[in-house]
Structure formats: C-alpha cells, structure tokens
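A structural walkthrough
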Amino acid sequence: MKKLSLLLLTLGSALGLYAQTAPCCHTDAVTEFTGLANREDFRMAHKDPLPYTYQGTAGTEVSFPAPDGKTAYGFLFKARKPTDKYLFVFQEWYGLNDYVKKESEKLYNDLGGAVNVLAVDMYDKVVATNREEAAKTMQSVPRERLKAIMEAARNYAGKSASIVTLGWCFGGAIALQSALINGDRNMGCVMYYGMPEKDVNALKQLHGPVLGLFANKDKGITPQVVDEFEQNMKKAGKTLTVERYDAEHAFANPSNPIYNSDATKDAYTHTIAFLRERFK
C-alpha cells in the first residue's frame, strides 16, 4: 500500500509539473519567435522607436474579462453603425504603443469605419521604449496569459462575430495563433513578418485565408521559414498568399529608422484589398 501511495504521489507530481510546463494551444511558434530575442543580430535589427504621441480621438481604451480571472485590455475603434465585424490588431514587440493606435486608426478609416477595430494589448499595459526592454517584456509574458488574452478578445467580440486578425513582428505570430483560437468565427489573417505556425495538424483547423507579408533580408523569419510555411499550408489544404519584399524585418514600422516606404505602401495595398474582401 505504501508503494502504491508513493507511486500515485510521484505520478501526481509529474502530472502537475507537466500541467505547468506544457505549451498552451499552438504557441510553439510564439515561443520560437520570442527565442529570437536571445540573438543579438535579431535585437539589433529593431531600432529603438522614434518619439511619437498619438493625437487621434476616434479610439478609446476598453477592458474585458479574461478566462484566467484577470482583466484584458485593448484600444477600440468602434464601427459607426452596429456590426459584428471585427479586426483584431496585434502589436509589435514594443507593446500597444501610440504607433499601433495610429496604424489601427488608419485601418479603421480605410475600411470606412464599417468594422470594429480592436488593438489587443498583449502586455497588460506595459510599453517598451527600446529594443532591450521589448525583448525582456516579450519573453516574460507567460504563454498561458497570451492565450487567455486572445480568448478574451474573441469572447469580447461575441459568438456571432466575424473576425480577421492582423499583426506585425511578434504580433504577426500572435495574429495567426488568434486566428486558430477564433475557430469558425475567423474570416482571415494578415501576418507581417511573424513566425508561422509549423504544426500542419494545427493549421488544418484554421478558418479563412492568410496573407503573409515577409522580408527577404529578415534574419529571423528567413525566406526558408516562409518557404516551409507555404509548404505546410499546402499540406493542410489552406489558402496562403505570400508577398516578399527586398527589405529588412520590421520594414512596415513607421517608428523604425529602417522603415521602407515603398515596401510598406505595396504591402498595405494588398492588406486593404484582403480586408475589404473578407469583410464584404
């Protein structure tokens, strides 16, 4: 009996440890992306943001309950007429800063104010001002918390919502994970140089097409990574459109001194066309 009790105790401890360490959802891609922050060349590819203060008035801060018992936050541009159409916008690794709010407002206006645009705060109101802070903050957020925030945003939109996700850098990876979490409410996903999901079985559960916008000079999300993503999406029987640019990682970030206006303009043209098609 003592041996059986000891065995059960050992098994229970092992299962408890596994519950604490097992990855939530399909976040291996997010873990792989956050791991890039350990590389100096990848950190150095992110120049510190130029100063900017958001001047818009159309958006407002919102909060909503998360399934982990905590509160999740966002910045909402509410559609001018009631609608269940939502665009979830996910931040770069600096956090939900004023640049993200500005870009969210631009998307909102270019969609004619006909879609609710929710910039989801993945860092619980923490905003990094330089690449070292960004790297540490990104790596410090538990995977379970990221999943809870994504689920909170989905629940906030409601069971009848039609959702498209969009994100840059860290947010590009999150946008695809959010798309998976949203299930049949998801209508599409736009990834700007984010780490793709590599699990083909996970990708088979994806609803809606994906638009991927990648940089050929990216030292983290390399052309080889993009090639593999194309192959995996094909194996999963999913629709992926890829646009590649002769640019650096984070080329579409206006706060970045290496901002590439030509690549950004073309990528944004594809983005708006994709969003308008999904939100018909």
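What you see is a predicted model; the values in this text were computed from it and never measured. (Residues numbered from 1 in each chain as written. Predicted model: local features only at pLDDT ≥ 70, side-chain atom pairs only at ≥ 80, totals over all residues. Heavy atoms only, no water.)

A closer look at the sheet that holds strand β2 (residues 71-77)
Worth spelling out the cut-off: DSSP calls a pair of strands paired once it identifies at least 2 bridges connecting them. Secondary structure elements are defined from DSSP: runs of H or I of at least 4 residues count as helices, runs of E of at least 2 residues count as strands, and each element is numbered from the N terminus. The axes are straight lines fitted to the C-alpha atoms, using for helices just the contacting stretch, and the angles between their N-to-C directions are given from 0 to 180°. Note on contacts: a residue pair is in contact if any heavy atoms of the two residues lie within 4.5 Å.
Read across the open sheet, the 8 strands follow the order β1-β2-β4-β3-β5-β6-β7-β8; overall the sheet is mixed. Since the sheet does not close on itself, it has two edges, and those belong to β1 (60-65) and β8 (240-245), each with one partner. In this sheet, adjacent strand axes meet at a mean angle of 20° when their direction is disregarded. Where strand β7 (residues 210-215) and β8 come together, 6 bridges link them in parallel fashion. In the sheet register, V210 faces β8, and the bridge partner there is L240. Here helix α10 (residues 261-278) sits on the sheet in contact with β3 (85-90), β5 (162-168), β6 (186-192), β7 and β8, set at roughly 175° to β6.

Overview of the packing of helix α4 (residues 98-110) against α10
Under the convention used in this document: Put simply, angles under 35 degrees are roughly parallel, angles over 145 are roughly antiparallel, angles from 65 to 115 are roughly perpendicular, and the rest are oblique. Each crossing gets its handedness from the near helix: less than a right angle anticlockwise from the far helix is left-handed, clockwise is right-handed. Any residue outside Ala, Val, Leu, Ile, Met, Phe, Trp, Tyr, Cys, Pro, Asp, Glu, Lys and Arg is labelled polar, Gly included; the first ten of those are nonpolar and the last four are charged.
Between α4 and α10, whose axes approach to 11 Å, the crossing angle comes to 55°. The orientation of α4 relative to α10 falls into the category oblique. Two packed elements cross with a definite hand, and for α4 against α10 that hand is right-handed. Where α4 abuts α10, its residues K106, L107 and D110 lie against Y268, T271, I272, L275 and R276. Taken together, the residues of the contact of α4 with α10 break down into 4 nonpolar, 1 polar and 3 charged.

Some details on helix α6 (residues 143-157)
Structurally, the α-helix is built with 3.6 residues per turn, so residues lying three or four positions apart point the same way. To be explicit about the condition: Given a helix with a known number of residues, its expected span is that number minus one, times 1.5 Å. Each residue is assigned to one of three classes by its accessible area relative to the maximum for its type, calculated with a 1.4 Å probe on protein chains only: buried under 20%, partly exposed between the two thresholds, exposed over 50%.
Its 15 residues place the ends of α6 22 Å apart at the C-alpha level, agreeing with the 21 Å of an ideal helix rising 1.5 Å per residue. Within α6, 11 of the 15 residues are buried, leaving the element largely enclosed by the surrounding structure. R143, R145, L146, A148, I149, M150, E151, A152, A153, R154 and A157 are the residues of α6 that are buried. Of the residues one or two after α6, G158 is the one with positive phi, at around 105°.

Examining the pattern of salt bridges
Two side chains of opposite charge can pair, provided their charged atoms sit close to one another. What counts is decided by this rule: A carboxyl oxygen of Asp or Glu within 4 Å of a side-chain nitrogen of Lys or Arg is what we treat as a salt bridge.
According to the stated counting rule, one finds 13 salt bridges in the structure shown. Across the pair K106 and D110 runs a salt bridge, and its minimum N-O distance is 3.4 Å. Here D110 and K106 lie together in helix α4, a separation of 4 residues that amounts to about one turn. Accessibility expressed as a relative area gives 37% for K106, which makes it partly exposed. Three or more residues are tied together by salt bridges with common partners; here these are E32, K198 and E228.

Side note on the environment of V30
You can see V30 is positioned in helix α2 (residues 28-35). For V30, a relative accessible area of 1% puts it in the buried group. Considered as a pair, V30 and A173 are 143 residues apart in the sequence and their alpha carbons are 6.0 Å apart. Residues in contact with V30, not counting those within four places in the same chain, are R143, L146, F170, A173, I174 and Q177.

Quick look at the confidence of the model for the chain
We count it as follows: As a per-residue measure, pLDDT tells how confident the predictor is, with possible values from 0 to 100.
On average, residues of the chain carry a pLDDT of 89, and 90% of them reach 70 or more. Segment residues 1-24 is flagged for pLDDT under 50; beyond a separation of four residues in sequence, or across chains, it makes 6 contacts in the model.

Topic: the environment of P196
Residue position: P196 is located in the loop between β6 and α8 (200-203). Between the alpha carbons of P196 and I174 there is a distance of 9.3 Å; along the sequence they are 22 residues apart. Ignoring any residue separated from it by four or fewer positions in sequence, one finds P196 in contact with A29, L176, M191, I221, V225 and F229.

Structural notes on the pairing of β6
Note the threshold: Consider the strands pointing away from the viewer: the crossover is right-handed when the path from the first strand over the helix to the second runs clockwise.
Taken across its 7 residues, β6 has 6 buried, putting it largely inside the fold. Relative to β6, β5 runs parallel, the two sharing 6 bridges. Across the sheet, the residue bridging to L166 is V190, located in β6. Crossover β5 to β6 through helix α7 (residues 170-181) is right-handed. Two strands pair when backbone bridges link them, and β6 and β7 are joined in this way by 4 bridges, in the parallel orientation. Bridge pairing in β7 places V190 opposite L211.

A short note on the packing of α2 against α7
In contact at an axis separation of 9 Å, α2 and α7 are set at 175° when each is read in the N-to-C sense. Classified by the angle between their axes, α2 and α7 sit roughly antiparallel to one another. Listed contacts from α7 to A29, V30, F33 and T34 of α2 are F170, A173, I174 and Q177. In terms of residue class, the contact of α2 with α7 is built from 6 nonpolar, 2 polar and no charged.

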